[in-house]
Amino acid sequence: MVYLPPAFTEARPEVLIAHIERHEFGLLVSHGPSGLIASHIPFLVERRGEALHLLGHLARPNPQLTDLGRGGEVLAIFAGPHAYVSPTWYGQAPSVPTWNYTDVHAYGTPRLIDDDDGLRELVRRLSERHEAGNPNPWRIEDLPEAYLAGMLRGIVGFEIAVTRLEGKYKLSQNRPAADRPRVIAALEAAGGADAVAVARLMREREPA
């Protein structure tokens, strides 16, 4: 589990799932006889009614597949924007530096996808999602069959049935109300994609 002070806890499922869909390149963590193993991979998010599933694939030689094949609990971490916060931005002193960030942890039980049809469908769906903005999208169907078959033999897919989500949105909620607009303004002035994104999330949570 992740340390979740009440002020920083984000529990709304629609917010957590949207976060995963926006930041789908995650970190898959499992535990087995050899200890912890982690892999950075893109995930495919699938909603089936109220149920949430995360799909992806690993290189066949990846030892993490042994852990996934055992079916124990795994963790997928989806980091969002983050930014340094200087105490000089506050209206009160003394204060110390900190970091604002957003993060979602998804826990669940995996099953492997190792049949030819299942792997083809998984790779097709992943590529279609990420090629959607390409004016000349790559398509799995355009590959020579022998080449495709060889590539598929090099991977194993998986599907995680998510059992719980934890969200941590640390966005200066613990600071006095007068400090938060100052932090937002400083982050926007600092520029950079992460700082601006954190400022936007903070602004969205300010009282109207």
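Here's a quick rundown of the structure. Residue positions are counted from 1 within each chain, in the order its sequence is given. Given that this is a predicted model, residues contribute local features only at a pLDDT of at least 70 and side-chain atom pairs are listed and counted only at 80 or more, while totals for whole chains, interfaces and linings are drawn from all residues. Side-chain measures were taken over the full set of non-hydrogen atoms in the model, leaving aside hydrogen atoms and water.

## Structural notes on the pattern of salt bridges
(1) Moving on: Put simply, a salt bridge is a Lys or Arg side-chain nitrogen that is within 4 Å of an Asp or Glu carboxyl oxygen. Going through the model one piece at a time under the given rule, you end up with 23 salt bridges.
(2) Moving on: For Arg 47, the salt bridge identified is with Glu 21, shortest N-O distance 3.1 Å. Residue Arg 47 is located in strand β4 (residues 44-48), and its partner Glu 21 is located in helix α1 (residues 13-22); the two are separated by 26 residues in the primary sequence.
(3) Moving on: Exposure remark for Arg 47: the relative accessible area of 47% places this residue in the partly exposed category.
(4) Moving on: Here the residues in one salt-bridge network are Glu 10, Arg 12, Arg 200, Glu 204 and Arg 205, joined through shared partners. Helix and strand definitions follow DSSP, with helices as H or I runs of at least four residues and strands as E runs of at least two, each counted in order from the N terminus. Exposure is judged per residue with a 1.4 Å probe applied to protein chains only, and the accessible area is read against the type maximum: over 50% gives exposed, under 20% gives buried, and values in between give partly exposed.

## Let's talk about the packing of aromatic side chains
(1) Moving on: Aromatic contacts are taken between Phe, Tyr and Trp rings whose centres are within 6.5 Å, Trp giving its six-membered ring; a plane angle under 30 degrees counts as stacked, one over 60 as edge-to-face, and the others as tilted. Here the structure, examined in full by the defined rule, presents 3 aromatic pairs.
(2) Moving on: Taken together, a centroid distance of 6.0 Å and an interplanar angle of 75 degrees make the contact between Phe 43 and Phe 158 edge-to-face. With Phe 43 in the loop between β3 (35-42) and β4 and Phe 158 in strand β8 (residues 155-170), the pair connects residues that are 115 residues apart, well separated along the chain. For the residue pair Phe 43 and Phe 158, the accessibility class agrees, reading buried in each case.
(3) Moving on: A ring pair is formed by Tyr 84 and Trp 99, whose centres lie 5.8 Å apart and whose planes are at 65 degrees; its orientation type is edge-to-face.

## As for the pairing of strand β5 (residues 51-59)
(1) Moving on: The pairing criterion for strands is at least two bridges between them, as found by DSSP. Bridge analysis of β4 against β5 gives 5 bridges, and the strand direction is antiparallel. Paired with Arg 47 across the two strands is Leu 52, which belongs to β5.
(2) Moving on: Where β4 folds back onto β5 in an antiparallel hairpin, the turn is made up of 2 residues, including Gly 49, whose phi is positive at roughly 65 degrees.
(3) Moving on: Bridging between β5 and β8 involves 7 bridges; their strand directions are antiparallel. The residue of β8 that forms the bridge with Gly 56 is Phe 158.

## Points about helix α5 (residues 179-190)
(1) Moving on: Spanning 12 residues, α5 covers 16 Å between terminal C-alpha atoms, matching the ideal 16 Å at 1.5 Å per step.
(2) Moving on: Any pair of residues with heavy atoms lying within 4.5 Å of one another is described as a contacting pair. Against β6 (74-85), β7 (98-113) and α6 (193-204) lie the buried residues of α5.
(3) Moving on: Where α5 terminates, the next one or two residues include Gly 191, which has phi positive at roughly 75 degrees. Every helix has an expected span of 1.5 Å times one less than the residues it contains.

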